[in-house]
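Here is how the chains run, residue by residue.
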Amino acid sequence: MYVTASVQEQENNSSTIKSNRTMSNEIFVAFATQKGGIGKSTVTALAASYLHNVQGHNVAVIDCDAPQHSIHGLRERETKLIDESLYFKALACDHFRKIRKNAYPVIASDALNALDDAERMLAEEEVKPDIVFFDMPGTLKSNGVVKTLSQMDYIFAPMSADRFVVESTLQFAVMFRDNLMTTGQAKTKGLYLFWTMVDGREKNGLYDLYEDVIAEMGLSVLSTRLPDSKKFRRDLSEERKSVFRSTIFPMDASLLKGSGIREFSEEISRIIKPQ
């Protein structure tokens, strides 16, 4: 099986990345899958935003999804827009005043250097993050992916109700659990699957059927299912003042309703238990 072969190749290449973390209190969380186009980066940004801006946790994001670096690119576009707009500049100042802290750091990296970059960021940040999110590449072929994932405290794997996506996600989850978690090679405390891009027209019975099979495999699925919604792509813009996907501003309250992001983020928070 390709997945297993890829893991063995990266395990043999142990000199390319640190295998032991030196950090102590912060929680490392990865959104990871071996299937692209499933909204992993968007979910990472939204969960980080909610936990940082609404729940009050200190958050950082390591964007390992090279070369596209979607989250880091979003931060750069937002920063440029704020610099060029008095309206957004005033809005940002008001927001930071309310939450009494700055926007969370977003570090552009790759899977090979992610842990080193995270350690450097933690050493330099005056306010230490409670949670460090890692947005991983959508393939295990990227060098360093498995090594970096092995140092995560928790991994959340998105999937949609498509047979190929489900099979791919289950292969990844079983491989990681059996080859790394069970053998003690990974420090991961929990691996959870979750549904995203849920079409409201699909019957719940389809998801229940999948979840029965997943439960038989001894894997866990989050109870929150994220809908397939255009609002998830609603970035900061001069044309519209309400924003949903942002690395700086909180989600607009009217857009947050019905998105599942509040429930999703709070479910993750209950699992990882940040201080």
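You'll find the structure just up there.
Below is a summary of the structure that appears in this document.

Conventions and cut-offs
Residues numbered from 1 in each chain as written. Predicted model: local features only at pLDDT ≥ 70, side-chain atom pairs only at ≥ 80, totals over all residues. Heavy atoms only, no water. Axes fitted to C-alpha atoms, helices over the stretch in contact; angles between N-to-C directions. Helix = DSSP H or I, 4+ residues; strand = E, 2+ residues; numbered from the N terminus. Parallel < 35°, antiparallel > 145°, perpendicular 65-115°, else oblique. Contact = heavy atoms within 4.5 Å. Buried < 20%, exposed > 50% of the residue type's maximum accessible area, 1.4 Å probe, protein only. Pairing = 2+ DSSP bridges.

Considerations on the packing of helix H2 (residues 40-54) against helix H10 (residues 261-272)
- At a minimum axis separation of 9 Å, H2 and H10 run at an interaxial angle of 75°. By the criterion of interaxial angle, the relationship of H2 to H10 is roughly perpendicular. Contacts between H2 and H10 pair Val43, Leu46, Ala47, Tyr50 and Leu51 from the former with Ile261, Arg262, Phe264, Ser265, Glu266 and Ser269 from the latter.

Considerations on the pairing of strand E1 (residues 27-31)
- Extensive coverage of E1 is indicated by the burial of five of its five residues.
- Residues Ile27, Val29 and Phe31 line one face of E1 and the alternating positions Phe28 and Ala30 line the opposite face, and both faces are buried.
- Strand direction decides the pairing type here: E1 and strand E4 (residues 131-135), joined by five bridges, are parallel. Counted as the bridge partner of Phe28 is Val132 from E4.
- Pairing analysis gives three bridges linking E1 to strand E5 (residues 154-159), with the strands arranged parallel. Among the inter-strand pairings, Ala30 is bridged to a residue of E5, identified as Ile155.

Re unusual backbone geometry
- Cis geometry marks the peptide bond from Ala66 to Pro67, where omega comes out at 5°.
- Mapped onto the elements, Pro67 comes out in the loop between strand E2 (59-63) and helix H3 (70-84).
- One non-glycine residue, Arg100, lies in the positive phi region at around 60°.
- Position of Arg100 among the secondary structure elements: in the loop between helix H4 (86-99) and strand E3 (106-108).
- Not every positive phi belongs to a glycine, and Met197 is a case in point at roughly 55°.
- Examined against the element boundaries, Met197 turns out to sit in the loop between strand E6 (190-195) and helix H8 (204-216).

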